[in-house]
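Remarks on the overall topology
In case you want the letters, here they are:
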Amino acid sequence: MKTFKPEMTLDMAVSHLKFIEGEAVMNVTPIEMGELSKVFSYRKGDADYVIHFKDNGDSLHKALKIYDMYGTQSLPIPHIHKIGKVENIHFSISDKVSGTPISALEPTQIRGLIPGIVQQFMRIRQIHIGESYEGFGWITPQGKAAHRSWLDYLTSVFDEEQEGFYHGWQSLYENSFLEKEFFEEIYQTMIELVRYSPPERYLVHGDFHLGNMLGENENVTGIVDWEMAMFGDFMLDVSVLHMWYPMLEFPQKLQQAMEQQGVSIPYFEERLLGHQLFKALDGLRFYAKKDDPHSYQFMKNQIMSLLNR
């Protein structure tokens, strides 16, 4: 199985941190987070921080831009203090937020945090984007997005010709276990469903799952890892959380909370399913590229289960 994280041992992280922060760095501890970065917490002086190491710095600059744009608007986004490069590795340093990743908590604790997750989601949905930030889709480090519509963005994710991580990805049909006929059939179903998305733009986290949320007692204390943030349909975030944690019944609880405020969500079920298929297709492609047949089959089973409901 392949890994896309940078090579970074604990000793290497300590060495880099001492170069960046000076000798007064203590308690350097690895944190398991994400597929593309190595993350460590540490203490300096009277405060605790988190450092992300990545091979590419674009997403770190983007996360800083998201903090500058929205971190002061009642969202629990950790303060990013510094981004830079040491030797051949990029890094960002942010406050360490109190609390524990919600994914690591006991089921009873997670259930107690669901109302807080709903409230934080509704806060994100209510963020005013502003006309100074344009477009749909992936937000650049300049705070803009390149696509004319949400559908235009979603289809571009699977373009045959693209740069970056998925350059030449369709070769996976021949060089891996990615199944072309199955993939393209689900892709067409997904396209028909996401056409129900509205023309309005919302701030979308892009990777809205319990591993990127921190909780303490009954409070959601932080929502981290905004490197995949987008402008588009907020139902993508609903779909991500529901796909990984269906037992939380997050879509139903969100609908109930919205209805209490007199707000209905048009074409809720169509948009929910369409965005789940979008993320599942991206998962199929990712696990094929990672050479992880077990996770690939799990994602394929997820798709079949969604379509059979």
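It should be noted that the structure appears before, not after, this text.
Residues numbered from 1 in each chain as written. Predicted model: local features only at pLDDT ≥ 70, side-chain atom pairs only at ≥ 80, totals over all residues. Heavy atoms only, no water.

Glancing now at the overall build of the protein chain. For the protein chain, the helix and strand inventory stands at 10 helices and 11 strands. The C-alpha radius of gyration computed for the protein chain amounts to 20 Å, which stays within 12% of the reference 19 Å derived for 309 residues, consistent with globular compactness. Counting only C-alpha atoms and orienting by the principal axes, one finds that the protein chain spans roughly 55 × 50 × 40 Å. Looking at the protein chain residue by residue over its 309 residues, the buried ones come to 52%. Considering only contacts in the protein chain between residues 6 or more positions apart, those separated by 24 or more positions represent 69%. Total accessible area on the protein chain stands at roughly 15200 Å², and carbon and sulfur atoms take up 48% of it. (Helix = DSSP H or I, 4+ residues; strand = E, 2+ residues; numbered from the N terminus. Rg over C-alpha atoms; globule rule 2.2 N^0.38 Å. Buried < 20%, exposed > 50% of the residue type's maximum accessible area, 1.4 Å probe, protein only. Contact = heavy atoms within 4.5 Å. Areas by Shrake-Rupley, 256 points an atom, 1.4 Å probe, with all protein chains shown as cover.)

Attention shifts here to the sheet that holds strand E7 (residues 137–138). Pairing within the open sheet is antiparallel, and its 3 strands lie in the order E7-E11-E8. Of all strands in the sheet, those with a lone pairing partner are E7 and strand E8 (202–204), marking the two edges. Taken together, the 3 bridges between E8 and strand E11 (residues 230–232) define a ladder with antiparallel strand orientation. Bridging from a neighbouring strand, Val204 pairs with Met230 of E11. (Pairing = 2+ DSSP bridges.)

Packed helices, taken two at a time, are described by their axes: the angle between them and the distance between them. In contact at an axis separation of 8 Å, helix H6 (residues 180–194) and helix H9 (residues 268–290) are set at 150° when each is read in the N-to-C sense. By the criterion of interaxial angle, the relationship of H6 to H9 is roughly antiparallel. Remark: the crossing between H6 and H9 carries left-handed chirality. Of H9, the residues touching H6 (which contributes Phe182, Phe183, Ile186, Tyr187, Thr189, Met190, Leu193 and Val194) are Glu270, Leu273, Gly274, His275, Leu277, Phe278, Leu281, Leu284 and Arg285. Along the lines of polarity and charge, the residues of the contact of H6 with H9 split into 12 nonpolar, 3 polar and 2 charged. (Axes fitted to C-alpha atoms, helices over the stretch in contact; angles between N-to-C directions. Parallel < 35°, antiparallel > 145°, perpendicular 65-115°, else oblique. Left-handed = near helix turned anticlockwise from the far one by under 90°. Nonpolar A, V, L, I, M, F, W, Y, C, P; charged D, E, K, R; others polar.)

A word on helix H1 (residues 10–21). Helix length check: H1, at 12 residues, gives a terminal C-alpha distance of 16 Å against a target of 16 Å (1.5 Å per residue), a fit within 8%. Buried residues of H1: Ala13, His16, Leu17, Ile20 and Glu21, and no others. All buried residues of H1 fall inside an arc of 110° around its axis, so they share one side. When the buried face of H1 is taken as reference, the exposed residues oriented beyond 90 degrees from it are Asp11 and Phe19. Those residues of H1 hidden inside the fold are in contact with strand E1 (26–31), strand E2 (38–44), strand E3 (47–54), strand E4 (80–86) and strand E5 (89–95). Taken from the residues just after H1, Gly22 is the one with a positive phi, measuring 100°. (Expected span 1.5 Å × (residues − 1). Arc of directions from axis to C-beta.)

Here the focus is the environment of Asn175. Tracing the chain through its elements places Asn175 in helix H5 (residues 172–175). Taking the C-alpha atoms as reference, Asn175 lies 9.1 Å from Ala288; in sequence the two are 113 residues apart.

With that settled, consider the sheet that holds E2. Across the sheet, which stays open at both edges, the 5 strands sit in the order E1-E2-E3-E5-E4 with antiparallel pairing between neighbours. Each edge of the open sheet is held by one strand with a lone partner, namely E1 and E4. When strand polarity is set aside, the average angle formed by the axes of neighbouring strands in this sheet is 20°. Strand direction decides the pairing type here: E2 and E3, joined by 7 bridges, are antiparallel. Across the sheet, residue Val39 finds its bridge partner in E3, namely His52. Strands E3, E4 and E5 of the sheet are contacted by helix H2 (residues 58–70), whose axis makes an angle of about 165° with E4.

On to the packing of aromatic side chains, then. Per the counting criterion, the structure on display carries 21 aromatic pairs. With centroids separated by 6.1 Å and ring planes inclined at 70°, the aromatic side chains of Phe121 and Phe234 adopt a geometry described as edge-to-face. A residue pair is termed long-range when its members are at least 10 positions apart, and Phe121 in helix H3 (residues 107–125) and Phe234 in the loop between E11 and helix H7 (235–244) qualify at 113 residues. Residue classification places Phe234 among the buried residues on the basis of a relative accessible area of 3%. (Phe/Tyr/Trp six-rings, centres within 6.5 Å; stacked < 30°, edge-to-face > 60°.)

What follows concerns the pairing of E5. For E5, a buried count of 6 out of 7 residues is recorded, marking the element as mostly surrounded by other parts of the structure. Of the strand pairs in this sheet, E3 and E5 are connected by 6 bridges, and their pairing is antiparallel. Bridging from a neighbouring strand, Phe53 pairs with Phe91 of E5. Where E4 and E5 come together, 6 bridges link them in antiparallel fashion. Bridged to Lys85 within E5 is His90. Between E4 and E5, which follow one another and run antiparallel, lie 2 residues, and Glu87 among them has a positive phi close to 55°.

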